[in-house]
Amino acid sequence: MKEYRTINKIAGPLIFVEKTEPVGYEELVNIVQADGTVKRGQVLDTSDDFVVVQVFESTAGIGRDAGVRFTGETIKMPVSRDMLGRILSGAGKPKDGGPDIVPEKRLDIGGAAINPYARQSPADFIQTGISTIDATNTLVRGQKLPIFSGSGLPHNEIALQIARQARVPGSTEDFAVVFAAMGITKEEENQFMADFERTGALEHAVVFLNLADDPAVERIITPRLALTTAEYLAFELGYHVLVILTDMTNYCEALRQIGAAREEVPGRRGYPGYMYTDLASLYERAGLIKGLKGSVTQLSILTMPGDDITHPIADLSGYITEGQIVVNRDLHRKGIYPPINVLPSLSRLMNNGIGEGKTRDDHKKVTDQMYAAYAEGNDLRGLVAIVGKDALSERDQRLLEFADHFENRFVRQGHDENRTIEDSLDLAWELLATLPEELLVRIDRGLIQKYHPKYRKEA
Amino acid sequence: MEVKGNSNGILKRISGPVVTAVGLNAHMYDVVQVGDEKLMGEIIRIEGDKTIIQVYENTSGIRPGEPVVNTGLSLSVELGPGLLTSIYDGIQRPLELLVEKMGNFIERGVTAPGLSHEKLWEFVPVVRKGDAVVAGTVIGEVQETNILTKIMVPPKSKGGVVSEIKSGEFTIDDVVCTLDNGEEIAMMQVWPVRVPRPVTEKMNPDIPLITGQRILDGLFPIAKGGTAAIPGPFGSGKTVTQQALAKWSDAQIVVYIGCGERGNEMTEVLTEFPELEDPKSGKPLMERTVLIANTSNMPVAAREASVYTGITIAEYFRDMGFDVSLMADSTSRWAEAMREISSRLEEMPGEEGYPAYLAARLSEFYERAGRVETLNHESGSVTVIGAVSPPGGDFSEPVTQNTLRIVKCFWALDAKLSQRRHFPAINWLNSYSLYLDTLSKWYDENVSPEWNGLRIWAMEVLQKEAELQEIVQLVGSDALPDEEQITIEVARMLREIFLQQNAFDPVDTYCSMQKQFDIMKAINTYAVLAYGAQKLGVPPTKVITIAAKNDLPQVKFMTDYKEEITRINAAMGTEIGALKEAYQK
């Protein structure tokens, strides 16, 4: 392999190399510092007189005297069944003191798009044991459902609780967790690792850690390594894989950093114009393939800067992912855990995974009814602040009380409380029973007679 | 289409989906084969000897020095028997064939023709030897699915007299007709996607496209050949609405473009459409559908092309005399693809980084919609319904704004409504349709002379409610005058009974015009009765709580609803009549 010593410019994470032999786009590059340290990078722009390389680690210590070796291939990830139980760095190197991964295969980390024709529609209900997800924003196998949160909110606890409790009822198939941390703090890492160890989840997990003090640019490849591993486990070994990516906001910051270093024309708020395409190339790596056993389900966490759901990161994510679970600061302040606000939350694949034979025949209509009643009750709170409770009609007072009950009994649950879907739906009926029956316009009479506590007691 | 002859060049620079080559004899929008793997690309800029190419496939690993071949052809689609039921990517490669050729993931450097060149189709001629034909004349028919498609003289033909016409089974490349000037006509036509297909004349759109969605047909109708935009923040039910339209609109052909959207969502369409029944023919919906699926993680340049591929196919069916509806989900992703390519070209950006030609491209695209007199002097139409995904739900952003300047219907989706589970979450105060005047005659003749009046009444009630709600927010509903309390109740009925529609309920998902009228009329009947009673001094709480009207919402879920709705109308009359009597005494 030829080594070039023709670095012309170094700017942030980018180095510009002059006059090379033809180099492939996105080729893997090794940079040898004067002191012998080897760093890795990737070709971002190539032409016959110069090449732009993005370095995945800090460029500190790289000077014009560094050597640049082009490896002639794109970045590949060594994968193997033995990765389960391992902890790796954000660049895929062992971090747990264990041996190197002996590859069964080496896979391109870019990942190709699944042909929509080869996909299988996700339809298996995953029970997370959390009412606000199972009953109102149902997660299904093969879905990508992010948690939109804010700084200081318990999104990590929620993600851990889901990872701990998520099961397909009645299924005993192999499952695995792939966890990719991008720019999280050491403390957060400890929280995740302690929980994985406490519950024995680590045996079934592959962990990639890029911490806050690791190079930001490395965050660009961390999720890709994780997803490549997940796809291998799912589509070649038949595991049902839950991928947890945290925190996507840090990933996007890294993307912006590189865009700025390349002097690109920025899009909204300085994020690159191709951020939608780039995020899609991550989020879309979830799903099921016809005729193959495994699945990749994605749960990504992003902290919305300033709790702003219209911020480009949250906004673009919402357009790609199949819904979102929104964690809310007001509920958190009221001391409710998990503080999930169901109103802006959504699971787009919910209707595929619920109903008779999957959850229960009343699921859809009960959910719609609760949403409608809670939304109306929640709106009334604004009115009460002005005119006082007494000025409300009887109907409105009931709705207002419903909203309180909903938050205190339905939303609130313990960190280790694992509710079955039947529990959640029965609880929903209990709450709906506090409303006059003629308000339940979204549920047909047959279901009311079957499940309404009033008729159940009679029967 | 002219063939300018091949020419060869060499790659000079690769930066994402945009590459530079030198030494090509290039013309704008020529299709080229890039690199040793022959990736498909299109010339988008020429600077001296340098040619800039957008590549429709992933360019990783491609090096400077690899060859580039100009095919001399524009990006074109193959049009002919076999289009219906097909599922394509953005550049008309059949996805099913791609799975066979390269497995579950989309690899690159694989070409696949848009139509099968081996399959035999039964060609039935409709012209005879000696007939004079011109461009656009239908010369024969092929029973493709349950739809009888037409074989036409290509638009660029000079026409002439038929000297030979065949009958029987042929492939799309076989000559089925020869003209006296020696011109040979096969079933397949090839047409460049960026050029609109010619028509004799554009006509006024004065027939509604019936969608079976009450809020659309009832309040904001679109004409056949019209244009509509559905902007909505994510999670407001944009895709569900688009899919409902694709399923239920009374167009004969549906072209659905999934442009930069979710893979699972496309799969849902792919699995659902073949199972769904066309409410009119009873055949699978797929038999009248062409799907184009270019998901968000498929190459961005192909996403840019997908919209053109779709509309060209739609125009081809329009030329046969069909009513076609085209759904583009979402045009924002298309605009973003333009932005991405433009920024790689280092073009001077316009608003929010979008290229300065954004408005021009959008209007060119929507202008390809319309009800037309075809070259064959029949009438056909392409209705374009474009979804827009405004970032952060902000309608002031460039794509929404530029779209609104062009389209005639605006169906504003509202996240607030969807949070309350009011579906379809189309805001009745912000939406509009500019087709109301041109369509009113049709409603008079085909639904009821009362219809236009009822619609105006309903809009007035809803508008009035919005004003009253502001007061209610401040002082509570009890403080309203009696009459207005009834208005609030009537508006609630309009919202919950007429406007809300359950796309997942087997009956309610499609509502005929007659049923729409009957439901609206029943609400109106109640309103007239209620105001009448209130004037005689019956307290509004009594009028509002009559039992008979509680049965009205259930009508939506009934197939044979006529008897029930007549009963409810009568029961409302009796109940209010009794109230009146009681209070008169």
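Conventions adopted
- Residues numbered from 1 in each chain as written.
- Chains lettered and ligands numbered in written order.
- Predicted model: local features only at pLDDT ≥ 70, side-chain atom pairs only at ≥ 80, totals over all residues.
- Heavy atoms only, no water.
- Helix = DSSP H or I, 4+ residues; strand = E, 2+ residues; numbered from the N terminus.
- Contact = heavy atoms within 4.5 Å.
- Areas by Shrake-Rupley, 256 points an atom, 1.4 Å probe, with all protein chains shown as cover.
- Lys, Arg positive; Asp, Glu negative; His and termini not counted.
- Charge placed at Lys NZ, Arg CZ, Asp CG, Glu CD.
- Rg over C-alpha atoms; globule rule 2.2 N^0.38 Å.
- Buried < 20%, exposed > 50% of the residue type's maximum accessible area, 1.4 Å probe, protein only.
- Axes fitted to C-alpha atoms, helices over the stretch in contact; angles between N-to-C directions.
- Parallel < 35°, antiparallel > 145°, perpendicular 65-115°, else oblique.
- Nonpolar A, V, L, I, M, F, W, Y, C, P; charged D, E, K, R; others polar.
- Buried area = accessible area lost by both parts, 1.4 Å probe.
- Salt bridge = Lys/Arg side-chain N within 4 Å of Asp/Glu carboxyl O.
- Polar contact = N/O pair within 3.5 Å; in protein donor to acceptor, adjacent residues only side chain to side chain.
- Pairing = 2+ DSSP bridges.
- Core = buried A, V, L, I, M, F, W, Y, C linked by side-chain atoms within 4.5 Å.
- Expected span 1.5 Å × (residues − 1).
- Phe/Tyr/Trp six-rings, centres within 6.5 Å; stacked < 30°, edge-to-face > 60°.
- Lys NZ or Arg CZ within 6 Å of the ring centre and 35° of its normal.
- Disulfide = S-S within 2.5 Å.

Peer 1: Honestly, the overall build of chain B in this entry has me stumped. Any pointers?
Peer 2: Along its length, chain B carries 16 helices and 26 strands. In chain B, the proportion of contacts linking residues at least 24 apart, taken out of those at least 6 apart, comes to 70%. Only carbon and sulfur atoms are counted for the fraction: they give 51% of the accessible area of chain B, which is about 21200 Å². One way to put it: in chain B the 56 positive side-chain charges average out to a point 2 Å from where the 79 negative ones average out.

Peer 1: Help me understand the overall build of chain A in this model?
Peer 2: A tally of helices and strands in chain A yields 14 helices and 21 strands. Against the globule reference of 23 Å for 459 residues, chain A gives a C-alpha radius of gyration of 25 Å, in line with a compact fold. With the C-alpha coordinates of chain A rotated into their principal frame, the extents come out at 85 × 50 × 40 Å. Evaluated residue by residue, chain A yields a buried proportion of 61% over its 459 residues. Across chain A, contacts joining residues at least 24 apart in sequence account for 72% of those joining residues at least 6 apart. Surface exposure of chain A reaches about 16400 Å², of which carbon and sulfur atoms provide 48%.

Peer 1: What's the story with the packing of helix 10 (residues 436–446) of chain B against helix 11 (residues 451–475) of chain B in this structure? I'm lost.
Peer 2: Packed helices, taken two at a time, are described by the angle their axes make and the gap between the axes. Residues and elements named next belong to chain B. It is the contact of helix 10 with helix 11, at a shortest axis distance of 9 Å, that shows an interaxial angle of 130 degrees. Here helix 10 is positioned oblique relative to helix 11, judged by the angle of their axes. From helix 10, Leu 436, Ser 440, Tyr 443 and Asp 444 reach across to helix 11, where they touch Trp 451, Asn 452 and Arg 455. Among the residues making up the contact of helix 10 with helix 11, the classes are represented as three nonpolar, two polar and two charged.

Peer 1: Help me understand unusual backbone geometry in this model?
Peer 2: Negative phi is the rule for most residues except glycine; trans is the rule for most peptide bonds. With an omega of 5 degrees, the peptide bond between Thr 246 of chain A and Asp 247 of chain A qualifies as cis. Put simply, Tyr 337 of chain A and Pro 338 of chain A share a cis peptide bond, and its omega is -10 degrees. Mapped onto the elements, Pro 338 of chain A comes out in the loop between helix 8 (329–333) and strand 21 (340–347). In this structure, Lys 38 of chain B is a non-glycine residue whose phi angle is positive, near 55 degrees. Looking at where Lys 38 of chain B falls in the secondary structure, it is placed in the loop between strand 3 (30–34) and strand 4 (39–47). One non-glycine residue, Arg 421 of chain B, lies in the positive phi region at around 60 degrees. Secondary-structure assignment places Arg 421 of chain B in the loop between helix 9 (415–419) and strand 26 (432–433).

Peer 1: Would you mind going over the interface of chain B and chain A with me for this structure?
Peer 2: Interfaces are often described in size by the accessible area the parts lose on coming together. Listed by partner, the interface residues are 70 residues for chain B and 74 residues for chain A. Of the roughly 6300 Å² buried where chain B meets chain A, counting both sides, 52% is carbon and sulfur surface. The interface formed by chain B and chain A contains seven salt bridges. Here Arg 420 of chain B ties to Asp 379 of chain A by a salt bridge, and the two come within 2.8 Å at their closest N and O atoms. The tally of links from chain B across to chain A stands at 32 residue pairs in polar contact (both at pLDDT 80 or more). Sorting the residues of the side of chain B that touches chain A by element identifies strand 1 (7–15), helix 1 (95–102), helix 4 (263–272), helix 5 (300–319), helix 6 (331–344) and helix 11 of chain B as the ones contributing at least two each. Of all the elements, helix 4 of chain B adds the most residues to the side of chain B that touches chain A, at eight residues. Examined bridge by bridge, strand 5 (residues 38–47) of chain A and strand 1 of chain B share two bridges and lie antiparallel to one another. What sits directly across from Ser 47 of chain A, in strand 1 of chain B, is Arg 13 of chain B.

Peer 1: Which parts of the structure should I look at to understand the nonpolar core?
Peer 2: Most often, soluble globular proteins keep nonpolar side chains buried together rather than apart. Residues and elements named next belong to chain B. If you look at the biggest cluster of nonpolar residues, it comprises 82 residues, and the most contacted ones within it are Trp 411, Trp 457, Ile 523 and Tyr 526. At 11 residues, the largest contribution of residues to this core is made by helix 13 (residues 513–535). By size, the runner-up hydrophobic cluster in this structure holds 75 residues, among which are Val 31, Leu 84, Cys 177 and Ile 253.

Peer 1: What exactly am I supposed to notice about the sheet that holds strand 21 of chain A here?
Peer 2: Neighbouring strands of a sheet are bound in pairs by backbone hydrogen bonds; such pairs are parallel or else antiparallel. Residue and element names in this part refer to chain A. A sheet is described by the order of its strands in space; here eight strands give the open sequence 9-16-15-17-19-14-20-21, paired in mixed fashion. Both edges of this open sheet fall to strand 9 (87–89) and strand 21, since each of them pairs with a single strand only. Strand after strand, the sheet turns through a mean of 15 degrees between neighbouring axes, direction not considered. Judged from the seven bridges that link them, strand 17 (residues 240–246) and strand 19 (residues 295–303) form a sheet pairing that is parallel. Looking at strand 19, one finds that Thr 246 is bridged to Ile 301.

Peer 1: Explain the environment of Val 290 of chain B to me, please; I cannot follow it from the model alone.
Peer 2: All names here are of chain B. Structurally, Val 290 is set in strand 21 (residues 289–294). Judged by its relative accessible area of 0%, Val 290 is buried. Taking the C-alpha atoms as reference points, Val 290 and Gln 501, 211 residues apart in sequence, are found 27 Å from one another. With sequence-adjacent residues up to four places away left out, Val 290 is seen in contact with Leu 83, Leu 84, Ser 86, Tyr 88, Val 254, Val 255, Tyr 256, Ile 313 and Phe 317.

Peer 1: Would you explain the sheet that holds strand 16 (residues 184–186) of chain B in this entry?
Peer 2: Residue and element names in this part refer to chain B. Reading across the sheet, the four strands line up as 10-13-15-16 and stay open at both edges, with antiparallel pairing between neighbours. What marks the edges here is a single partner per strand, and that holds for strand 10 (132–133) and strand 16. Pairing of strand 15 (residues 175–179) with strand 16 involves three bridges; the strand directions are antiparallel. Following the sheet pairing, Thr 178 is matched in strand 16 by Glu 184.

Peer 1: Which parts of the structure should I look at to understand helix 4 (residues 222–236) of chain A?
Peer 2: At 3.6 residues per turn, the α-helix brings residues three or four places apart onto the same side. Residue and element names in this part refer to chain A. In this model, helix 4 (15 residues) spans 21 Å end to end at C-alpha, consistent with the 21 Å of a helix rising 1.5 Å per residue. Taken across its 15 residues, helix 4 has 14 buried, putting it largely inside the fold. Gly 238 occupies a position one or two residues after helix 4 and carries a positive phi of about 80 degrees.

Peer 1: Would you mind going over helix 6 (residues 275–283) of chain A with me for this structure?
Peer 2: In terms of burial, helix 6 of chain A is largely enclosed, as eight of its nine residues are buried. Along helix 6 of chain A, the residues classified as buried are Met 275, Tyr 276, Thr 277, Asp 278, Leu 279, Ala 280, Leu 282 and Tyr 283 of chain A. Looking at the buried positions of helix 6 of chain A, the neighbouring elements they touch are helix 4, helix 5 (248–261), strand 19 and helix 7 (312–320) of chain A together with helix 5 and helix 6 of chain B.

Peer 1: What's the story with the packing of aromatic side chains in this structure? I'm lost.
Peer 2: By convention here, two paired aromatic rings are described through the distance between centres and the angle between planes. Per the stated rule, a full pass over the model turns up 20 aromatic pairs over all chains. Taking the centre distance of 6.3 Å and the plane angle of 55 degrees together, the rings of Trp 451 of chain B and Phe 517 of chain B count as tilted. Here Trp 451 of chain B, found in helix 11, pairs with Phe 517 of chain B, found in helix 13; they are 66 residues apart in sequence, far enough to count as distant. Each member of the pair Trp 451 of chain B and Phe 517 of chain B is classed as buried. By way of ring pairs, the aromatic residues Tyr 374, Phe 402, Phe 406 and Phe 410 of chain A are connected into one cluster. Here the guanidinium or amino end of Lys 290 of chain A rests over the ring plane of Tyr 117 of chain A, the centre of that ring lying 4.5 Å away. Directly above the ring of Trp 121 of chain B sits Lys 119 of chain B, whose terminal nitrogen or CZ lies 4.4 Å from the centroid.

Peer 1: How should the pairing of strand 12 (residues 148–152) of chain B be read in this particular structure?
Peer 2: Each regular strand carries side chains that alternate between the two faces of the sheet. Residue and element names in this part refer to chain B. Extensive coverage of strand 12 is indicated by the burial of four of its five residues. Sheet topology places strand 11 (residues 138–143) next to strand 12; five bridges connect them, and they run antiparallel. Considered in strand 12, the bridge of Gly 140 is made with Ile 151. Following strand 11, the chain reverses through four residues before pairing antiparallel with strand 12.

Peer 1: Whenever I open this one, the side chain of Asp 362 of chain A confuses me. Can you help?
Peer 2: Within the element layout of this structure, Asp 362 of chain A appears in the loop between helix 9 (350–353) and helix 10 (363–387). Once you skip the residues sitting within four places of it in the chain, Asp 362 of chain A turns out to touch Leu 425, Trp 429, Leu 447 and Tyr 451 of chain A.

Peer 1: Can you help me understand the pairing of strand 15 of chain B in this one?
Peer 2: Burial analysis of strand 15 of chain B places four of its five residues in the buried class, the great majority of the element. What sits between the antiparallel neighbours strand 15 of chain B and strand 16 of chain B is a turn of four residues, in which Gly 182 of chain B has the positive phi angle 90 degrees.

Peer 1: Where do I start with the environment of Thr 509 of chain B in this structure?
Peer 2: Residues and elements named next belong to chain B. For Thr 509, the position within the fold is in the loop between helix 12 (482–499) and helix 13. When its relative accessible area of 7% is taken as the criterion, Thr 509 is described as buried. Residues Thr 509 and Trp 248, spaced 261 residues apart in sequence, show a C-alpha to C-alpha distance of 8.5 Å. Not counting residues within four places of it along the chain, the set of residues in contact with Thr 509 comprises Gly 212, Gln 213, Trp 248, Gln 501, Asn 502 and Ala 503. Within the local environment of Thr 509, its side chain forms a polar contact with the backbone oxygen of Ala 503, the two atoms lying 3.3 Å apart.

Peer 1: Looking at this structure, I do not really get the state of the cysteines. What am I missing?
Peer 2: By definition, a disulfide links two cysteine residues through a covalent bond between their sulfur atoms. The tally for this structure, following the rule as stated, stands at zero disulfides over all chains. With no disulfide of its own, Cys 409 of chain B lies 18 Å from the sulfur of Cys 511 of chain B, the closest cysteine sulfur.

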